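What follows is each chain in one-letter form.
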Amino acid sequence: MEAHLDVILKCLRNHGALGKDGISRATGLDVNQCSRLLPKLQRQGLIELTGRTVMSDSKRPEREWRAVT
């Protein structure tokens, strides 16, 4: 699981702010994995919500995340 956390963090640092579906596409991780791990990274203070939404693959709004600099 720690390796997946690193993959997500590197993805957001390299690609900028993304929703969970965008993170999933960029990393190859399952969307459910991303959904479970994003709050953990947030609690660690490594990522944060941007306050914006992006369209998910199913055309629904989802929250956008970014790495904390």
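You'll find the structure just up there.
Description of the pattern of salt bridges
Tallied over the entire structure, the rule returns six salt bridges. A salt bridge links Asp-57 to Arg-25; the shortest N-O distance between them is 2.3 Å. Pair noted here: Asp-57 is in the loop between strand S2 (47–55) and strand S3 (61–67) and Arg-25 is in helix H2 (residues 20–27), with a separation of 32 residues, a long-range link. For Arg-25, a relative accessible area of 58% translates into the label exposed. Residue Arg-66 is joined to Glu-48 by a salt bridge in which the shortest nitrogen-to-oxygen separation is 2.8 Å.

Rules used in this analysis
Residues numbered from 1 in each chain as written. Predicted model: local features only at pLDDT ≥ 70, side-chain atom pairs only at ≥ 80, totals over all residues. Heavy atoms only, no water. Salt bridge = Lys/Arg side-chain N within 4 Å of Asp/Glu carboxyl O. Helix = DSSP H or I, 4+ residues; strand = E, 2+ residues; numbered from the N terminus. Buried < 20%, exposed > 50% of the residue type's maximum accessible area, 1.4 Å probe, protein only.

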